[in-house]
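Listed below are the residues making up each chain.
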Amino acid sequence: MKSEMSSFDLMAVVGELKTMDLRIKKIFQPSPTELRIQVRLREGGTKNLLAEIGRALYLSDHALPSPRFPSNFAMTLRKHLSNAVVKEIRQAGFDRIVELVAGTREGDFRLVFELFGEGNVVLTDEEGVIKAVMRPKRFKHRELIGRERYRPPPQRQNPFDTAPQALAETVEGYGSLVKALASPLGLGGLYAEEVCLRAGIQKDASKISPEEAERIEAVLKELKEEALHPAPVIVYEGEQPIDVTPTRLKVYEGRRTKAFQSFNEALDEFFTKEVVDKAAEEAEARYREVLVSLNMRLREQAKAIARFNREIKRGRLIGDIIYRNFERLQSIMDIVSKARKTHSAKEIDEKIKGVEGVTGYLPRENALLVRLEGVEFKLDLSIPASKNADHYYSRSKKAREKLKGARAAAEKTRARIAEHVERGAEDFQMAERAPVRKKTRQKRWYERFRWFISSEGFLVVAGRDASSNEVVVKRHMEKKDLFVHADIHGAPAVIIKSGGRDIPEKTIEEACQFAASNSTAWKSNAAFLDVYWVRPEQVSKTPESGEYVAKGAFIIRGKRNYRRSKLELALGVRLDEEPPVMAGPPSAIARHCNYHVIIRPGDMKSKEAALKIKELIHSKAAEEHKKAVGKINIDEIQKSLPTGGYTIGEER
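Owing to the predicted nature of the structure, the values given are computational and were not obtained by experimental measurement.

What counts, and where the lines are drawn
Residues numbered from 1 in each chain as written. Predicted model: local features only at pLDDT ≥ 70, side-chain atom pairs only at ≥ 80, totals over all residues. Heavy atoms only, no water. Helix = DSSP H or I, 4+ residues; strand = E, 2+ residues; numbered from the N terminus. Rg over C-alpha atoms; globule rule 2.2 N^0.38 Å. Buried < 20%, exposed > 50% of the residue type's maximum accessible area, 1.4 Å probe, protein only. Core = buried A, V, L, I, M, F, W, Y, C linked by side-chain atoms within 4.5 Å. Contact = heavy atoms within 4.5 Å. Patch = residues over 30% accessible without salt bridge, like charges linked within 9 Å, V, L, I, M, F, W, Y side chains within 5 Å. Areas by Shrake-Rupley, 256 points an atom, 1.4 Å probe, with all protein chains shown as cover. Salt bridge = Lys/Arg side-chain N within 4 Å of Asp/Glu carboxyl O. Lys, Arg positive; Asp, Glu negative; His and termini not counted. Charge placed at Lys NZ, Arg CZ, Asp CG, Glu CD. Phe/Tyr/Trp six-rings, centres within 6.5 Å; stacked < 30°, edge-to-face > 60°. Lys NZ or Arg CZ within 6 Å of the ring centre and 35° of its normal.

## Some points on the overall build of the protein chain
Part 1 of the reasoning: The helix and strand inventory of the protein chain stands at 16 helices and 31 strands.
Part 2 of the reasoning: Relative to the compact-globule value of 26 Å for 652 residues, the protein chain shows a C-alpha radius of gyration of 40 Å, a clear excess of over 25%.
Part 3 of the reasoning: When the backbone C-alpha atoms are referred to their principal axes, the protein chain occupies close to 135 × 75 × 50 Å.
Part 4 of the reasoning: Looking at the 652 residues of the protein chain, the share that counts as buried comes to 49%.

## A short note on unusual backbone geometry
Part 1 of the reasoning: Look at the link from glutamate 578 to proline 579: it is a cis peptide, with omega at -5°.
Part 2 of the reasoning: Among the secondary structure elements, proline 579 is positioned in the loop between β28 (569-573) and β29 (581-584).
Part 3 of the reasoning: Not every positive phi belongs to a glycine, and asparagine 83 is a case in point at roughly 70°.
Part 4 of the reasoning: Asparagine 83 sits in the partly exposed class, given a relative accessible area of 47%.

## Re the nonpolar core
Part 1 of the reasoning: In this structure, Ile24, Leu35, Phe113, Leu181 and Ile216 are the most contacted members of the largest nonpolar core, which totals 80 residues.
Part 2 of the reasoning: Take this core: its biggest share by element is 7 residues, from helix α1 (residues 7-17).
Part 3 of the reasoning: Those residues within four positions of leucine 35 in sequence are excluded, and the remaining contacts are Ile27, Phe28, Gln29, Pro30, Leu49, Leu50, Ala51, Phe73, Leu77, Phe113, Val121 and Met134.
Part 4 of the reasoning: Counting residues in hydrophobic clusters, the runner-up holds 68 residues, among them Phe449, Ile496, Ala521 and Ile632.

## Comments concerning the environment of glutamate 118
Part 1 of the reasoning: Within the element layout of this structure, glutamate 118 appears in the loop between β8 (107-114) and β9 (120-124).
Part 2 of the reasoning: For glutamate 118, a relative accessible area of 54% puts it in the exposed group.
Part 3 of the reasoning: Residues glutamate 118 and alanine 304 lie 186 residues apart in sequence; the distance between their C-alpha atoms is 52 Å.
Part 4 of the reasoning: Once residues within four sequence positions are removed from consideration, glutamate 118 is found in contact with Ile53, Gly54, Arg135 and Lys137.

## Quick look at a positive patch on the surface
Part 1 of the reasoning: There is a patch of like positive charges on the surface, built from Arg307, Arg310, Lys398 and Lys402.
Part 2 of the reasoning: Contributing elements (two or more residues each) for the positive patch: α7 (263-324) and α10 (385-433).
Part 3 of the reasoning: Residue placement: arginine 310 occurs in helix α7.

## Let's talk about the packing of aromatic side chains
Part 1 of the reasoning: Within this structure, the stated rule accounts for 14 aromatic pairs.
Part 2 of the reasoning: With a centroid separation of 6.0 Å and an interplanar angle of 70°, the aromatic rings of phenylalanine 483 and phenylalanine 554 are classed as edge-to-face. You can see phenylalanine 483 sitting in strand β22 (residues 482-486) and its partner phenylalanine 554 sitting in the loop between β25 (539-540) and β26 (555-556), a full 71 residues away along the chain.
Part 3 of the reasoning: Residue phenylalanine 483 is classed as buried on the basis of its relative accessible area of 1%.
Part 4 of the reasoning: Between tryptophan 522 and tyrosine 646, the aromatic rings sit 6.3 Å apart at their centres with planes inclined by 50°, giving tilted as the arrangement. Of this pair, tryptophan 522 sits in the loop between α12 (505-517) and β24 (528-534) while tyrosine 646 sits in strand β31 (residues 646-651), and the two are 124 residues apart along the sequence. With respect to burial, tryptophan 522 and tyrosine 646 carry one shared label: buried.
Part 5 of the reasoning: Following the ring pairs from residue to residue traces out a cluster consisting of Trp445, Tyr446, Phe449 and Trp451.
Part 6 of the reasoning: Above the plane of the ring of tyrosine 236 lies arginine 256, whose end atom (NZ or CZ) is 4.0 Å from the centre.

Laid out in structure tokens, this is it:
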């Protein structure tokens, strides 16, 4: 079973994290080897960036237990990073090192996760000076201690930047293709074997030809592309999950797999199961520990009850004995008290040996030890016999009061034991120990992009940035779909999902308006923009000789079908649908939403606009709908707005 993430896995995770707008909320250190960074997403909601040092780094949807008191390291990180904007997340070369750059009022800070070996986390300032370190360490060539300049370990060879000739030399030097790929090139055993399989070369080959080196180079490029646009799966052996990978691998062909929308989600399920199992074991141990403690307490309380019962009986019995033998006891006490003035303790002890019922003299306590009616007790010579009797009665009364308290305490303990047993270890785990997955709706794949449903029922999806433009086109555009793009730099890639049907003109018109409104033309307060649509086979990432295609851009070949589109959208709420907020052309939103508001380019900021839109919709909603509208998150509205300023138009 997989126990740690490889450099290749980290490349896929970092690729996904780069596309997210994150802000740091709070930082926790649940254990000496774990760090949990609670982050707020721009589109709304919070997640946890989990770092298990020397093991894994991924984004989690689980609400995890927090330590009662923050560590010094966590407090230092909070001091510098609370409410910081995550400006960049990057992998250092092809090492198991991830750097998070956080922007704050103090300047930029860099949080370095070293996930190799025993691992570490280091915080540096803009100059690279260490401000905090999870595990202070001194190595031969670097020191991870406060106020020192951070220096990363020597970087290993990057397989994706290695030329075919250098690759062949590395293989010859190591005497085995799979060993060369796994160790000096850092792919690890699993992905090294995958490269060999895909390239069709024996893994134990001690030499490779130039043609084979080029095949390996092509496979490495293919794997890198798959890592940056993952189709992740968890791999099972029977019912047991054994691995989680950012792409389907030939080495696991024939095994049962479970697919996920993102690699972070797959990692969260895979590694969190282990966390849950561990939490269950800890909960069972904690359950038994508490049960043993409660039973020990009950036994001690039972002993106290028995002792108080004995004291009640003994005190009353001795008091009664004293009064039944009052005159004789008082006479003996008077004789001994008088003798103390002229005789030594030894002499007194000798004289009372023959007195019936008296068993000894205790000079240090100024007391007689007597035994009457089968009961042995002391008589204080400094007070009369009657006071001695009262003393024993008083002890009996105090014991009775203590008995009441002991019995009440024992009843409470019995009740706690019964409650504890009834709850059981499983409930104890859920209440106190185990991480709990947030009860969130399973989001549809298109919700990570901009989207709307056309008035004729077709799904239209647009990228939010260059990275998501790539994903929309490469992973989600199919044969009968249409590609739509505004004729301006900085426009999203838009696709109309056909679902195997012919796409009508009205939907194309709405998709073009959507493309225009979500382009950079919105920021410039434009009223109209030219937009074109083409078929999927006309869209390519392969440039002509001498050309270059930037990330998120595409080459269009053949005829483009143009139309003039208005920059205007509507934002509406669907009270019986999830998600409840949808933004798109007014004709489509009016068809699918209960209430909507028209928005056009303007000067109003997004937060102000979102609040105004919600207020307008709430004011127009029917009485039975107002509560549902009131529950809609402002962030949901804000993330649906195009980038720029706004003017709020008519409302339905």
